[in-house]
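An overview of the molecular structure
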Amino acid sequence: MLKWLWISAVTLILDQASKLAVDGNMQLFESIPLLPYFNLTYVHNTGAAFSFLAQAGGWQRWLFAGLAVVMSSIIAVWLHRLKKHETLMAVALSLVLGGAIGNLIDRVAYGYVIDFLDVYYQNWHWPAFNIADSAICVGVGLMLLESFGVGRKVVDVLE
């Protein structure tokens, strides 16, 4: 099922291109309103999801980078072992893989991940995220749907 790696490649290209565009055209912490409840806000995340361990002193950079390498390897093997009819899972894993590699590149190159998508309501802001984070979330969501039988044919269930 490696034919689905193009999804990972597109995810990676969109993620890195958007991060380079934000980094090259915005100042750190600059915020540009785009829509009601949505801004482009340039931030650096030295932690993991929701800035977990962001203030840990630097060692987390290599921990998260190592985890990304291990998980990306596992996902690549899993993707390779999928059966031809496991399309939804292949798409899901490809999205997660592209997102994981996108954030891994940032973490290794800069020591932080570039985030810039800012969803908010009044004074409450969801933690800023990026295209890689979005791809990972969509991929995990598709994996959950697949685990509940979405995308399976009756023949697949009987096997």
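If you're wondering where the values come from, they're calculated on a predicted model, not measured in any experiment.

Relative to the helices and strands, Asp115 resides in strand E3 (residues 113-121). Of the buried charged residues, Asp115 lacks a salt bridge, with Lys19 as the closest side chain of opposite charge at 6.2 Å. Within polar-contact distance, the side chain of Asp115 engages the side chain of Asn130 at 2.7 Å. Not counting chain neighbours up to four residues away, the residues in contact with Asp115 comprise Thr41, Tyr42, Val43, Asn45, Ala128, Phe129, Asn130 and Asp133.

Moving on, we come to the pattern of salt bridges. What the rule picks out here adds up to 2 salt bridges. Put simply, Lys19 and Asp15 hold a salt bridge, and the shortest N to O gap is 2.8 Å. Placement of the pair is Lys19 and Asp15 together in helix H1 (residues 5-25), with a separation of 4 residues, close to one helical turn. Taken as a pair, Lys19 and Asp15 share a single burial class, namely buried. For Asp106, the salt bridge is made with Lys19, and the minimal N-O distance between the two is 3.0 Å.

Further remarks concern the UniProt feature "transmembrane region" (unreviewed entry) in the protein. Under the UniProt annotation, "transmembrane region" (unreviewed entry) lies at residues 62-80, 87-105 and 125-145. End-to-end, the C-alpha atoms of residues 62-80 are 27 Å apart, and along that stretch the chain is 100% helix and 0% strand. Across residues 87-105, the secondary structure splits into 100% helix and 0% strand, with the terminal C-alpha atoms separated by 27 Å.

Assignment of secondary structure puts Ile131 in helix H4 (residues 131-147). For Ile131, a relative accessible area of 28% gives the class partly exposed. In sequence terms Ile131 and Gly102 are 29 residues apart; their C-alpha atoms lie 8.6 Å from each other.

Further remarks concern the UniProt feature "active site" (unreviewed entry) in the protein. UniProt feature "active site" (unreviewed entry): in the numbering of this structure it lies at Asp115 and Asp133. For the annotated residues, spread through 19 residues, the largest C-alpha to C-alpha distance comes to 8.9 Å, consistent with a single compact locus. Taking relative accessible area as the criterion, Asp115 reaches 3% and is therefore assigned buried. Tracing the sequence through the fold places Asp133 in helix H4. If we skip the residues at most four places from it in the chain, Asp133 touches Asn103 and Asp115. At 2.8 Å, the side chain of Asp133 forms a polar contact with the side chain of Asn103.

Within strand E2 (residues 38-45), 6 of the 8 residues are buried, leaving the element largely enclosed by the surrounding structure. Where strand E1 (residues 31-35) and E2 come together, 4 bridges link them in antiparallel fashion. The residue bridging Ile32 from the neighbouring strand is Leu40, located in E2. Of the strand pairs in this sheet, E2 and E3 are connected by 6 bridges, and their pairing is antiparallel. From the neighbouring strand, Leu40 faces E3, where its bridge partner is Leu117.

Running from N to C, H1 and helix H3 (residues 87-110) cross one another at 35°; their axes reach a closest spacing of 8 Å. In the packing of H1 onto H3, the handedness of the crossing is right-handed. Every residue of H3 that contacts H1 at Leu5, Ile7, Ser8, Thr11, Leu12, Asp15, Gln16, Lys19 and Leu20 is listed here: Val91, Ser94, Leu95, Leu97, Gly98, Gly99, Ile101, Gly102, Asn103, Ile105, Asp106 and Tyr110. Looking at the contact of H1 with H3, its residues break down into 10 nonpolar, 8 polar and 3 charged.

Reading the values: rules and limits
Residues numbered from 1 in each chain as written. Predicted model: local features only at pLDDT ≥ 70, side-chain atom pairs only at ≥ 80, totals over all residues. Heavy atoms only, no water. Helix = DSSP H or I, 4+ residues; strand = E, 2+ residues; numbered from the N terminus. Buried < 20%, exposed > 50% of the residue type's maximum accessible area, 1.4 Å probe, protein only. Lys, Arg positive; Asp, Glu negative; His and termini not counted. Salt bridge = Lys/Arg side-chain N within 4 Å of Asp/Glu carboxyl O. Polar contact = N/O pair within 3.5 Å; in protein donor to acceptor, adjacent residues only side chain to side chain. Contact = heavy atoms within 4.5 Å. UniProt positions renumbered as here; feature names shortened; annotations may be inferred. Pairing = 2+ DSSP bridges. Axes fitted to C-alpha atoms, helices over the stretch in contact; angles between N-to-C directions. Left-handed = near helix turned anticlockwise from the far one by under 90°. Nonpolar A, V, L, I, M, F, W, Y, C, P; charged D, E, K, R; others polar.

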